[in-house]
Amino acid sequence: MIPMKILAVDHPLVAHKLTVLRDVNTDSPTFRRLAEELVMLLAYEATRDVRVAETTVRTPLADAPGVQLAGPKPLVVPILRAGLGMLDGMTRLLPTAEVGFLGMVRDEGTLLAETYATRLPEDLSGRQCYVLDPMLATGGTLAAAVKLLLGRGATDVTAVCLLAAPEGLKHLEEAFAGTQVPLRVVTAAIDSHLNEKGFIVPGLGDAGDRLYGVV
Ligand SMILES: O=P(O)(O)OC[C@H]1O[C@H](OP(=O)(O)OP(=O)(O)O)[C@H](O)[C@@H]1O
Ligand SMILES: O=c1cc[nH]c(=O)[nH]1
Ligand SMILES: [Mg+2]
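Here is what the cut-offs are and how they apply
- Residues numbered from 1 in each chain as written.
- Chains lettered and ligands numbered in written order.
- Predicted model: local features only at pLDDT ≥ 70, side-chain atom pairs only at ≥ 80, totals over all residues.
- Heavy atoms only, no water.
- UniProt positions renumbered as here; feature names shortened; annotations may be inferred.
- Near = heavy atom within 4 Å.
- Polar contact = N/O pair within 3.5 Å; in protein donor to acceptor, adjacent residues only side chain to side chain.
- Areas by Shrake-Rupley, 256 points an atom, 1.4 Å probe, with all protein chains shown as cover.
- 1 Å grid on protein atoms, 1.4 Å probe; cavity = no way out; pocket = protein on both sides within 12 Å on 5 of 7 lines; lining within 4 Å.
- Sits in = over half its atoms within 2 Å of the grid points.
- Helix = DSSP H or I, 4+ residues; strand = E, 2+ residues; numbered from the N terminus.
- Nonpolar A, V, L, I, M, F, W, Y, C, P; charged D, E, K, R; others polar.

The name recorded for the chain in an unreviewed UniProt entry is Uracil phosphoribosyltransferase, from Thermomonospora curvata. What UniProt states about the chain under its Function (unreviewed entry) heading is, verbatim, "Catalyzes the conversion of uracil and 5-phospho-alpha-D-ribose 1-diphosphate (PRPP) to UMP and diphosphate." The UniProt entry for the chain carries the following comment under Catalytic activity (unreviewed entry): "UMP + diphosphate = 5-phospho-alpha-D-ribose 1-diphosphate + uracil".

Set out below in structure tokens:
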């Protein structure tokens, strides 16, 4: 049994970008740009255990030991729609990664997640997976996504979120308490609580709507 690791990244640039994202007056173009920048900072921490292989590089002066990203290729999985706003930031830091897609939407009445699209390799044996979803609220969406990846054989799973609620983190810890696979959540902050509509407080509102408009 491996306990889930939770990391709230403590860095002034992370806090600064998150503050602007939270601001109700931040417009969509600025929100999109900052979300991408923030993900790059979170990705730096989220990929701390990414597999590398030793190599040698020739400098202008001599050979030097180095490392390169190793196979099997990591898989990045944005959860549509809002997770798409995190994809470019993540793949910039992880250029060898392949990308799978999960379309999920939360029923705003029941707060249960429904999966409407799955485009992932059938076999994820030996693969390190990075799930992108800006908001970890009740945790229902992320729990369903992680379950699907583990069911296909993922070797370890890291969720990268902009914000997490304590209720959602607890949900994930309980859902995967018996797992033998390393699970990690990396987030810019853990907020206070969920409101009666399942929104993170103080949060930043509806991440998908702020990135792409109200549907
Ligand atoms: O932790 P949970 O309670 O499951 O809620 C979080 C989910 O809700 C939001 O997506 P939404 O359903 O609004 O879809 P969208 O990305 O299309 O806006 C968010 O992007 C997460 O995927
Ligand atoms: O606070 C929340 C909760 C769920 N989905 C969001 O986009 N924001
Ligand atoms: Mg939404």
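Moving on from the model shown.
(A) Examining the site of ligand 1 more closely. The local shell around ligand 1 holds 16 residues, among which Arg106, Asp133, Thr138, Gly139 and Thr141 are the closest. The separation between an oxygen atom of ligand 1 and a polar side-chain atom of Thr138 is 2.6 Å. Here an oxygen atom of ligand 1 and a side-chain polar atom of Thr141 are 2.5 Å apart. Within the complex, 93% of the 500 Å² of free accessible area of ligand 1 lies under protein. Put simply, ligand 1 lies in the largest pocket. Residue assignment for the shell around ligand 1 shows that the elements contributing at least two residues are strand S6 (101–106), strand S9 (135–136) and helix H4 (140–151). It is S6 that contributes the most residues to the shell around ligand 1, three residues altogether. Class assignment for the residues of the shell around ligand 1 results in seven nonpolar, five polar and four charged.

(B) A look at the UniProt feature "domain: Phosphoribosyltransferase" (unreviewed entry) in the chain. With numbering aligned to this structure, UniProt lists the feature "domain: Phosphoribosyltransferase" (unreviewed entry) at residues 9–213. Secondary structure over residues 9–213 splits into 32% helix and 31% strand, and the C-alpha atoms at its two ends are 28 Å apart.

(C) Expanded view of the site of ligand 2. Lining the immediate environment of ligand 2, one finds Arg106, Met135, Ala137, Gly198, Phe199, Ile200, Gly205, Asp206 and Ala207. Between Ile200 and ligand 2, the recorded distance is 2.9 Å, taken from a backbone N or O atom to an oxygen atom. Ala207 places a polar main-chain atom, nitrogen or oxygen, 2.8 Å from an oxygen atom of ligand 2. Expressed as a share of its isolated accessible area of 240 Å², the protein-covered part of ligand 2 is 89%.

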